[in-house]
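Architecture and fold: a report
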Amino acid sequence: MHEQTLAIHAGYEKDAQGTMAVPIYMSTAYEFRDTEHAANLFALKELGNIYTRLMNPTTDVFEKRFAALEGGVAAVGTASGMAAIFYAIANVAEAGDNIIVAKQVYGGTTTLTGHTIKRFGIETRYFDVGNPSEIEALVDDKTKIILFESITNPSVDVADFDAIVAIANKHNILTCVDNTVGTPILCKPFEHGVDLSVHSASKYTTGQGLAIGGVIVERHNLVEKIKGNARYAHFNEPDASYHGLVYSDVPLPLFTLRVRLALLRDLGAAPSPFNSWLYIQGLETLPLRMKQHSSSALAIAEFLEAHPKVKKVNYPGLKSDSNHALAQKYFKNGYSGLLSFEVEDTETAQKIADSTEIFSLVVNIGDSKSIITHPASTTHQQLSAQELIEAGVPGGLVRLSVGIEDTQDLINDLARALG
Ligand SMILES: *Cc1c(COP(=O)(O)O)cnc(C)c1O
């Protein structure tokens, strides 16, 4: 089936009422037929609902639909994008291990990997996404995962999937892409050999800035890479916390299964069924919205590129952009709605961000409403001067998340603000 059909139907079988819209199952727990049924569910001999911290019928439709759209085998929803990223790391790494992360990542990912997980004894080694060959020297036998973004936020670089995956596969290390900006519509990471993706569902998925959520998606046949792999001993040895379950022996997608059975069980950042329902509504129109976000962003990038006050525009859809060739290779049907541009200095950038009328001054992306941000004074304020340079965030940088309003109205708004 094609994407637009999957976006509307995947993962949902109508219930006895013939309910056209996916119902919101607001329920904490589920009745077992008898004690044997309950025991079978806990033992994974039979699959079914136990408790909403682990699974929920509304969330299940969201997870199946999201996985279908991205071409993955299974997904697990989380309470936020940050929870999804943390669980993807915590599912493989423990004290004494290290992970390899692109320098150019979302601000929350920088603080999570550089500070918070350090206190758990997990070391992060960084590479420049523009120079993936740096990864090779960072790898050792304690390296558990390589994490990068398909389109970086806010420097708007495109990752070279093939180059990253080649090094990872040589060493049998899992790769995980944060495809929040790429979306499952424009970028299909599993077609390029990536093992896992994470997303903030708070962005393009809900599409209207309605709720915080996240999702982890697993590719088909991931067990082949994990089974017998000494790096992932805890997937190959009995799990004492789950009566000796060996994840690589279970005939189910093992990575997302472990996130559910171990991490959602013990750490608990599960999505609300109501929020899952909002993400389902969002997914229905995601293919349509991404076309509009992408075409407007390209028109705006071209307008800015021709403007005398603009020093540089970062948008992979521009022919002049250094990422254009990579973007053409890894993206289809558009390059998403995120772009950034550089003006003379911090003061000029702040003046522009303070003068737009349609673009709202907000720290978010992926909303149907257009957003303008000054990263150096907001999202990236906690970063040191050195970290700012490494994240590609000079003071004169302005970030736009182009919404789905009329394209010409948006251009006129920016023209006015630029003066
Ligand atoms: C917003 C965002 C996140 C964090 O997601 P939340 O849902 O806000 O927790 C992670 N990665 C990227 C690329 C983001 O834009």
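Keep in mind the model is a prediction, meaning the values are calculated, not measured.

**Observations regarding unusual backbone geometry**
Comment: phi is negative for the bulk of residues other than glycine, and the bulk of peptide bonds are trans. Even without glycine at this site, valine 156 takes up a positive phi of about 55°. Residue position: valine 156 is located in the loop between strand E4 (143-149) and helix H7 (161-170). Backbone geometry at asparagine 172 places phi at a positive 55°, although glycine is not the residue there. Mapped onto the elements of the fold, asparagine 172 is located in the loop between H7 and strand E5 (174-178). For asparagine 172, a relative accessible area of 37% gives the class partly exposed.

**Some points on the domain arrangement of the protein**
In terms of domains, the protein is made up of domain 1 (3-274) and domain 2 (288-418). Spacing between the C-alpha centres of domain 1 and domain 2 amounts to 28 Å. At the junction of the two partners, domain 1 supplies 35 residues and domain 2 supplies 38 residues. With both sides pooled, the region where domain 1 packs onto domain 2 buries about 3,100 Å², and carbon together with sulfur makes up 60% of that total. Considering only the side of domain 1, the residues that lose the most area to domain 2 are Pro154, Leu186 and Tyr204, jointly responsible for 25% of the buried surface there. Here domain 1 is connected to domain 2 by 2 salt bridges. Of the charged contacts, one joins lysine 329 and aspartate 162 as a salt bridge, the two residues approaching to 3.0 Å between their closest N and O atoms. The tally of links from domain 1 across to domain 2 stands at 15 residue pairs in polar contact (both at pLDDT 80 or more). Breaking the side of domain 1 that touches domain 2 down by element, the ones donating at least two residues are helix H5 (107-116), H7 and helix H8 (183-186). Here the side of domain 1 that touches domain 2 gets 3 residues from one element, more than from any other, and that element is H8. Here the residues of the side of domain 1 that touches domain 2 are counted per class, giving 12 nonpolar, 16 polar and 7 charged.

**Some points on helix H11 (residues 254-266)**
In this model H11 runs 17 Å from its N-terminal to its C-terminal C-alpha over 13 residues, within 8% of the 18 Å that 1.5 Å per residue would give. When the local axis directions of H11 are compared, the greatest deviation, roughly 30°, occurs at arginine 260. Within H11, 11 of the 13 residues are buried, which leaves the element mostly enclosed by the surrounding structure. For H11, the full list of buried residues reads Leu254, Phe255, Thr256, Leu257, Arg258, Val259, Arg260, Leu261, Ala262, Leu263 and Leu264. Once H11 ends, the next one or two residues include glycine 268, with phi positive near 80°.

**Let's talk about the pairing of strand E6 (residues 196-200)**
Every other side chain in a regular strand lies on the same face of the sheet, so the side chains alternate between the two faces. Among the 5 residues of E6, 5 are classified as buried, and the element is accordingly described as predominantly covered. Here E5 pairs with E6 via 3 bridges, running parallel. Considered in E6, the bridge of aspartate 178 is made with valine 198. Where E6 lies against strand E7 (residues 214-218), 5 bridges are found, and the strand directions are antiparallel. Counted as the bridge partner of valine 198 is isoleucine 216 from E7.

**Brief notes about the nonpolar core**
With 119 residues, the main nonpolar core has Ile300, Leu339, Phe341 and Leu400 as its most contacted residues. At 10 residues, helix H12 (residues 273-305) tops the list of elements feeding residues into this core. Each of domain 1 (3-274) and domain 2 (288-418) contributes no fewer than three residues to this core.

Thresholds applied
Residues numbered from 1 in each chain as written. Predicted model: local features only at pLDDT ≥ 70, side-chain atom pairs only at ≥ 80, totals over all residues. Heavy atoms only, no water. Helix = DSSP H or I, 4+ residues; strand = E, 2+ residues; numbered from the N terminus. Buried < 20%, exposed > 50% of the residue type's maximum accessible area, 1.4 Å probe, protein only. Domains from an automatic or database assignment. Contact = heavy atoms within 4.5 Å. Buried area = accessible area lost by both parts, 1.4 Å probe. Salt bridge = Lys/Arg side-chain N within 4 Å of Asp/Glu carboxyl O. Polar contact = N/O pair within 3.5 Å; in protein donor to acceptor, adjacent residues only side chain to side chain. Nonpolar A, V, L, I, M, F, W, Y, C, P; charged D, E, K, R; others polar. Expected span 1.5 Å × (residues − 1). Bend = angle between axes of the 7 residues up to and from the residue. Pairing = 2+ DSSP bridges. Core = buried A, V, L, I, M, F, W, Y, C linked by side-chain atoms within 4.5 Å.

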